[in-house]
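# Analysis of the macromolecular model
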Amino acid sequence: MPQPNTMGAPQPRPLQPLHFSVGGLPPIVEGREKLDLIKERLRVVEGFDDYPFANMAELCLVPNVVIPPKFKVLDFDKYKGVTSPKNHLKMYCRKMGAYSSDEKLLMHFFQESLAGAAVIWYTNVEASHIHSWKDLAITFIRQYQYNTDMAPDRTQLQNISKRGLASTSSAPPW
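Below, the structure is looked at part by part. What you are looking at is a predicted structure, and each value in this text was computed from that prediction instead of being measured.

Moving on: the overall build of the protein. Along its length, the protein carries seven helices and zero strands. For the protein, the proportion of its 174 residues judged to be buried stands at 19%. Taking the intrachain contacts of the protein between residues at least 6 apart in sequence as the baseline, contacts between residues at least 24 apart amount to 62%.

Moving on to the packing of aromatic side chains. Aromatic ring pairs are defined here through the distance separating the ring centres and the angle between the ring planes. One pass over the full model with this rule turns up 14 aromatic pairs. Taken together, a centroid distance of 5.1 Å and an interplanar angle of 35° make the contact between F76 and Y92 tilted. Of this pair, F76 sits in the loop between α2 (56-59) and α3 (85-95) while Y92 sits in helix α3, and the two are 16 residues apart along the sequence. Summarising the burial analysis for this pair, F76 and Y92 share the class buried. Ring plane angle 25° and centroid distance 5.6 Å describe the contact between Y92 and W133, whose orientation is recorded as stacked. Taken together, the positions of Y92 in helix α3 and W133 in helix α6 (residues 133-150) put the pair 41 residues apart, joining distant regions of the chain. Of the two residues examined, Y92 and W133, each falls in the buried class.

So, on to helix α5 (residues 117-124). Residues A118, W121 and Y122 constitute the buried set of α5. For α5, the angular spread of buried residues about the axis comes to 100°, placing them on one side. Residues of α5 that are exposed and angled more than 90 degrees away from the buried face: I120, T123 and N124.

A few words on the nonpolar core. Among soluble globular proteins, nonpolar side chains are generally buried collectively. Counting residues in hydrophobic clusters, the biggest one holds 25 residues, and the most contacted among them are Y92, F110, W121, W133, L136 and F140. Sorting the residues of this core by element identifies α3, α4 (103-109), α5 and α6 as the ones contributing at least two each. A total of six residues in this core trace back to one element, the largest contributor, which is α6. Apart from residues lying up to four places away in sequence, F140 is in contact with Y79, P85, H88, L89, F110, L114 and W121.

Definitions and cut-offs
The written sequence of each chain sets the order in which its residues are numbered from 1. For this predicted model, a pLDDT threshold of at least 70 governs which residues receive local features, and a threshold of 80 or more governs which side-chain atom pairs are given and counted, while totals over whole chains, interfaces and linings are taken from all residues. No hydrogens and no water enter the side-chain calculation; it runs on all heavy atoms of the structure. In this text, helices come from DSSP runs of H or I with a minimum length of four residues, and strands from runs of E with a minimum of two, each type numbered from the N-terminal end. Accessible area is worked out with a 1.4 Å probe on protein chains only. A residue is then buried under 20% of its type maximum, exposed over 50%, and partly exposed in between. Residues count as neighbours in contact if any of their non-hydrogen atoms are within 4.5 Å of one another. Classification of ring pairs uses Phe, Tyr and Trp, with its six-membered ring standing for Trp, and accepts pairs whose centres are within 6.5 Å; under 30 degrees between planes counts as stacked, over 60 as edge-to-face, and the remaining range as tilted. The arc in question is the one spanned by the directions pointing from the helix axis to the C-beta atoms. Each nonpolar core is a collection of buried residues, namely Ala, Val, Leu, Ile, Met, Phe, Trp, Tyr and Cys, held together in the definition by side-chain atoms within 4.5 Å.

And the structure:
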């Protein structure tokens, strides 16, 4: 048992035992490897290896878009996924007519004309499938084609009502 140092002389310390591994790594190296393995597994569980925001270039549907210095985002009627996609595209193109020669700009700002489920659809569009404005327009129409197939537009409703009135007007009132 060591005695208190009353004279100020250094006290001998008990020696730490040395560990030698035969046929393996020293314990400190094994500990670091285990720690690295645990960290790697935690990154996989938390999803950091596949984190979609890690690379900004991969997030952009339209990389390298050049926005004119005085460009002001236009006020669009927002497409929510419940009306005709073709009509929405027509209105979007009419508003963006001054920029019709800049496909990247048309593609980039198309997201500004969307809302709700349509925005979610846009953010999930696979960039590798979209190379031009035409690709984006076709993909958009295909996604929301069911609205065109199912819901009649105003012109179709007017035609239906005209036919209905014509058939009922020749019938006797009783």
